[in-house]
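Next come the chains, spelled out residue by residue.
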Amino acid sequence: MATIISIINYKGGTGKTTTTLNFGAALAKKRKKVLLLDFDSQCNLSLSTGVKNSEKHLGHVLAKKATIEDVIIKQDLYSIVPSTQELIDYEFAINNEPGREFIAKEFLEPIQDLYDYILIDCPPSLGTLSINSLVAADYFIVPMQPENFAFIGLDHLIGATMKVKNRMNPKLELAGILFVKFAYRTKFAQAILANILSDDNLKDKLFESYIRQDISVMESPAFHKNIFEYAPHSRGAKDFKNFANEFIKIYG
Ligand SMILES: Nc1ncnc2c1ncn2[C@@H]1O[C@H](COP(=O)(O)OP(=O)(O)OP(=O)(O)O)[C@@H](O)[C@H]1O
Ligand SMILES: [Mg+2]
């Protein structure tokens, strides 16, 4: 049965898509069966894997015009449920549906035994699709860039996930906070680190591994490649491999 992981942050540009793609690739390289879902109408994850304007996509599954099996695209390393910009219209359309928070949980159920990990790339908001990802998930990972205002929204995000856990998904757990674009030696990074370590709720939830700033990580999506395909010897490849090892060691 697949472990379902929501990659989520209330803020934009924190590394959600980068983490979904490259953590997914790192797991797949360990011979795990991986499915990546694009829950964002910016469709950066789909584009990063070379899937543009797919004829069948997540929106059709939300609208029950297709099953999840119909829209899965198999690639060498992993499979993808793509999105297009139309996703925003499909999300809008389910906003008044009773039980709308459970739609993803429902459509993922029949395929759970086909994968080891299902990773969901969330949009930078706590709208219906992000809540759907949390209702379906076993864990959520919060990628964070150590920059000014990194903490803004974090309390709100954790508060919202607690409500989802209490009301709709008791098994949901914060797997951890992952620092992305982290420059360990800078005073600023150290200050952010100290801030997290002084928070009783979060101090045990920081992954030891972190992803360093790496130009290859930034470039690879433009070439429709994950970091292991684009620059297998880069810092980014090493860091995502270490992170996948740490994740598997803690959560299996
Ligand atoms: N380790 C890294 N080194 C260099 N650049 C990085 C790294 N991680 C992410 N980036 C870059 O930071 C930017 C934001 O990353 P990404 O798109 O993954 O964030 P996001 O949280 O998915 O954004 P959004 O909220 O818009 O969906 C991208 O340009 C990405 O290439
Ligand atoms: Mg993104």
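Right above here is the structure, for reference.
Rules of the game
- Residues numbered from 1 in each chain as written.
- Chains lettered and ligands numbered in written order.
- Predicted model: local features only at pLDDT ≥ 70, side-chain atom pairs only at ≥ 80, totals over all residues.
- Heavy atoms only, no water.
- 1 Å grid on protein atoms, 1.4 Å probe; cavity = no way out; pocket = protein on both sides within 12 Å on 5 of 7 lines; lining within 4 Å.
- Points joined across faces, edges and corners; volume = space filled by probe spheres on them.
- Helix = DSSP H or I, 4+ residues; strand = E, 2+ residues; numbered from the N terminus.
- Nonpolar A, V, L, I, M, F, W, Y, C, P; charged D, E, K, R; others polar.
- Pairing = 2+ DSSP bridges.
- Contact = heavy atoms within 4.5 Å.
- Axes fitted to C-alpha atoms, helices over the stretch in contact; angles between N-to-C directions.
- Salt bridge = Lys/Arg side-chain N within 4 Å of Asp/Glu carboxyl O.
- Buried < 20%, exposed > 50% of the residue type's maximum accessible area, 1.4 Å probe, protein only.
- Phe/Tyr/Trp six-rings, centres within 6.5 Å; stacked < 30°, edge-to-face > 60°.
- Core = buried A, V, L, I, M, F, W, Y, C linked by side-chain atoms within 4.5 Å.
- Near = heavy atom within 4 Å.
- Polar contact = N/O pair within 3.5 Å; in protein donor to acceptor, adjacent residues only side chain to side chain.
- Areas by Shrake-Rupley, 256 points an atom, 1.4 Å probe, with all protein chains shown as cover.
- Parallel < 35°, antiparallel > 145°, perpendicular 65-115°, else oblique.

Visitor: Could you give an account of the layout of surface pockets, naming the residues involved and the relevant values?
Guide: Of the voids in this model, the largest pocket is the one considered here, and its volume is about 340 Å³. Where the lining of the largest pocket is concerned, the elements lending two or more residues are α1 (16-29), β7 (173-182), β8 (211-212) and α10 (215-219). The biggest single contributor to the lining of the largest pocket is α1, with 4 residues. When its residues are assigned to classes, the lining of the largest pocket shows 7 nonpolar, 9 polar and 3 charged. Empty space within the second largest pocket amounts to approximately 150 Å³.

Visitor: Give me the lowdown on the sheet that holds strand β6 (residues 139-144), citing residues and values where you can.
Guide: Spatial strand order, β3-β4-β2-β5-β1-β6-β7-β8: 8 strands in an open sheet with mixed pairing. The two strands at the open ends of the sheet, each matched to only one other strand, are β3 (73-74) and β8. As judged from the 3 bridges shared by strand β1 (residues 3-7) and β6, these two strands associate in the parallel manner. Its bridge partner lying in β6, Ile5 is registered against Tyr139. Where helix α9 (residues 187-197) meets the sheet, it contacts β6 and β7, and its direction lies at approximately 170 degrees from that of β7.

Visitor: Could you give an account of the pattern of salt bridges, with specific residues and numbers?
Guide: For the structure on display, the rule yields 5 salt bridges. Measuring nitrogen to oxygen at the nearest pair gives 3.1 Å for the salt bridge that ties Lys165 to Glu173. Residue Lys165 is classed as buried on the basis of its relative accessible area of 18%. By relative accessible area, Glu173 is classed as partly exposed at 37%. Two residues, Asp200 and Lys203, come together in a salt bridge whose shortest N-O distance is 3.2 Å.

Visitor: I'd love a proper account of the packing of aromatic side chains, names of residues and values included.
Guide: This model, assessed by the stated rule, comprises 12 aromatic pairs. Both rings, one in Phe223 and one in Tyr230, keep their centres 5.2 Å apart while their planes meet at 20 degrees; by these two values the pair is stacked. Grouped by ring-pair contacts, the aromatic residues Phe23, Tyr117, Tyr139, Phe207, Phe243, Phe247 and Tyr251 constitute a single cluster.

Visitor: Give me the nonpolar core: which residues, what numbers.
Guide: By size, the foremost hydrophobic cluster in this structure holds 51 residues, and its most contacted members are Leu37, Leu62, Ile68, Phe107 and Leu108. Sort the elements by how many residues they give to this core and helix α7 (residues 128-136) lands first, with 5 residues. Contact partners of Leu62, with chain neighbours within four places excluded, come to Leu87, Tyr90, Glu91, Ile94, Ile103, Phe107 and Leu129.

Visitor: Which residues make up the site of ligand 1, and what values do they have?
Guide: In the neighbourhood of ligand 1, 19 residues make up the surrounding shell, with Gly13, Lys16, Thr17, Thr18 and Asp214 lying closest. Contact between ligand 1 and Thr17: an oxygen atom at 2.8 Å from a side-chain N or O atom of the residue. Protein contacts shield 85% of the accessible area of ligand 1, which totals 640 Å² for the unbound molecule. Every element with two or more residues in the shell around ligand 1 is listed here: α1, β7, β8 and α10. For the shell around ligand 1, the element with the most residues is α1, which contributes 3 residues. Per-class residue counts for the shell around ligand 1 are 5 nonpolar, 9 polar and 5 charged.

Visitor: Please set out the packing of α1 against helix α12 (residues 235-251) residue by residue, giving values where relevant.
Guide: Orientation of α1 relative to α12, taken along the N-to-C sense of each, is 75 degrees, at an axis distance of 9 Å. Between α1 and α12, the interaxial angle falls into the category roughly perpendicular. Of the residues in α12, those touching α1 at Thr18, Thr19, Asn22, Phe23, Ala26 and Leu27 are Phe240, Lys241, Phe243, Ala244, Phe247 and Ile248. Of the residues belonging to the contact of α1 with α12, the class tally is 8 nonpolar, 3 polar and 1 charged.

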